[in-house]
Amino acid sequence: MATQPMIVILMGPPGAGKGTQAKRLAAKLGIPHIASGDIFRWHVHNQTELGKIAKPYMDKGELVPDDVTIAMVIDRLSQPDCADGVLLDGFPRTLPQAQALDERFAELGWCIHVVPYIRVSEEVLLRRLSGRWICRNCGAVYHIEFRPPAKPGVCDVCGGPLYQRSDDKPETAKRRLAVYFEQTEPVLAYYEKQGLLVEVDGERSIEEVEQALLRAVKFAEKGN
Ligand code: AP5
């Protein structure tokens, strides 16, 4: 029997540390990291048709419509590098997205392995978003207070310039959190009912959260 690809869906509110952890986990698990937000930002930066559609929603902290987002992620999942598994970050974020993903996985004969959920309080989330800096070249994520680069404004990994996301402005960040509670929290219940959700305390150090996430993946592996 062919081995099942490893499908991990990392959930958590804006600023919980999904991107930070997904990069580490994907490297350790040897599977690609697919982040819907990163794909949208690439399209916005390169002024593609998809970027022009997504930009007004992202600027306001709203979700990009489901039909556009689902088509984009399903297309990405068809790429050959996903054959052995994927780590999804930022998708699904609505129930229709979760259902569309299930339908696609059913067609492919794939099963979701585990859905780790990084829990962080609202107060900490806002502090994390307001202090975040990202490398324009390689996407490495820093925090002015919790994970500062060795040289201000310069990436430790590749020497690229660091920038702040425009949707991290306090008003937009608050709107993103509100949208998360309204539209994405129901997705947690959807996966909990299927016995896939594993909660991880996201207020510990980056290294401790990483260890907890790796344990959640390994534990699910044994159970499958
Ligand atoms: P997206 O890019 O997915 O943003 P998000 O979910 O809001 O998540 P973030 O990237 O803000 O946070 P994160 O959890 O990755 O945290 P990070 O690791 O950077 O989406 C952006 C927009 O795109 C959406 O608003 C929407 O418009 C659109 N979009 C995307 N997907 C969509 C979808 N499926 N449907 C519709 N629209 C969609 O960490 C944050 C900071 O904290 C960093 O500075 C980091 O260094 C620091 N940090 C991390 N962990 C720790 C720790 N343990 N201790 C201390 N500091 C830490």
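Residues numbered from 1 in each chain as written. Predicted model: local features only at pLDDT ≥ 70, side-chain atom pairs only at ≥ 80, totals over all residues. Heavy atoms only, no water.

**Re the sheet that holds strand β2 (residues 33-35)**
Pairing is parallel across the open sheet formed by three strands, whose spatial order is β1-β3-β2. The sheet terminates laterally at β1 (6-10) and β2, the two strands that pair on one side only. Shown here is a sheet whose adjacent strand axes are inclined to one another by a mean of 20°, direction ignored. Judged from the five bridges that link them, β1 and strand β3 (residues 85-89) form a sheet pairing that is parallel. Pairing of Ile9 across the sheet is with Leu88, part of β3. Those strands touched by helix α1 (residues 18-29) are β1, β2 and β3, and its axis lies near 175° from that of β3. (Pairing = 2+ DSSP bridges. Helix = DSSP H or I, 4+ residues; strand = E, 2+ residues; numbered from the N terminus. Axes fitted to C-alpha atoms, helices over the stretch in contact; angles between N-to-C directions. Contact = heavy atoms within 4.5 Å.)

**As for the site of the ligand**
Around the ligand, the structure places 35 residues, and the nearest of them are Thr20, Glu62, Arg93, Arg132 and Arg176. Here a nitrogen atom of the ligand and a backbone polar atom of Val64 are 3.0 Å apart. About the coverage of the ligand: the protein hides 96% of its 1,100 Å² of free accessible area. Elements that contribute at least two residues to the shell around the ligand include exactly α1, α2 (36-45), α6 (122-130) and β6 (141-143). By residue number, the principal contributor to the shell around the ligand is α2, which donates four residues. Among the residues making up the shell around the ligand, the classes are represented as 13 nonpolar, 12 polar and 10 charged. (Near = heavy atom within 4 Å. Polar contact = N/O pair within 3.5 Å; in protein donor to acceptor, adjacent residues only side chain to side chain. Areas by Shrake-Rupley, 256 points an atom, 1.4 Å probe, with all protein chains shown as cover. Nonpolar A, V, L, I, M, F, W, Y, C, P; charged D, E, K, R; others polar.)

**Considerations on the sheet that holds strand β7 (residues 162-163)**
Pairing in this open sheet of three strands is antiparallel, and the strands run β6-β5-β7 from one edge to the other. Whereas interior strands pair on both sides, the edge strands pair on one side only; in this sheet they are β6 and β7. As defined by bridge partners, strand β5 (residues 132-135) adjoins β6 across three bridges and the pair is classed as antiparallel. Looking across to β6, one finds that Ile134 is bridged to Val141.

**Details of unusual backbone geometry**
The omega angle of the peptide bond from Phe91 to Pro92 is 0°, so this bond is cis rather than trans. Mapping Pro92 onto the fold places it in the loop between β3 and α5 (95-108). In this model, Gln47 sits at a positive phi of 50°, which is unusual for a non-glycine residue. Mapped onto the elements of the fold, Gln47 is located in the loop between α2 and α3 (49-60).

**What about the pairing of β3?**
Taking burial as the measure, the five residues of β3 include five buried ones, the bulk of the element. Neither face of β3 is exposed, since Gly85, Leu87 and Asp89 on one face and Val86 and Leu88 on the opposite face are all buried. Bridge count between β2 and β3: three bridges; the pairing is parallel. Within the sheet, the bridge partner assigned to His33 lies in β3 and is Leu87. (Buried < 20%, exposed > 50% of the residue type's maximum accessible area, 1.4 Å probe, protein only.)

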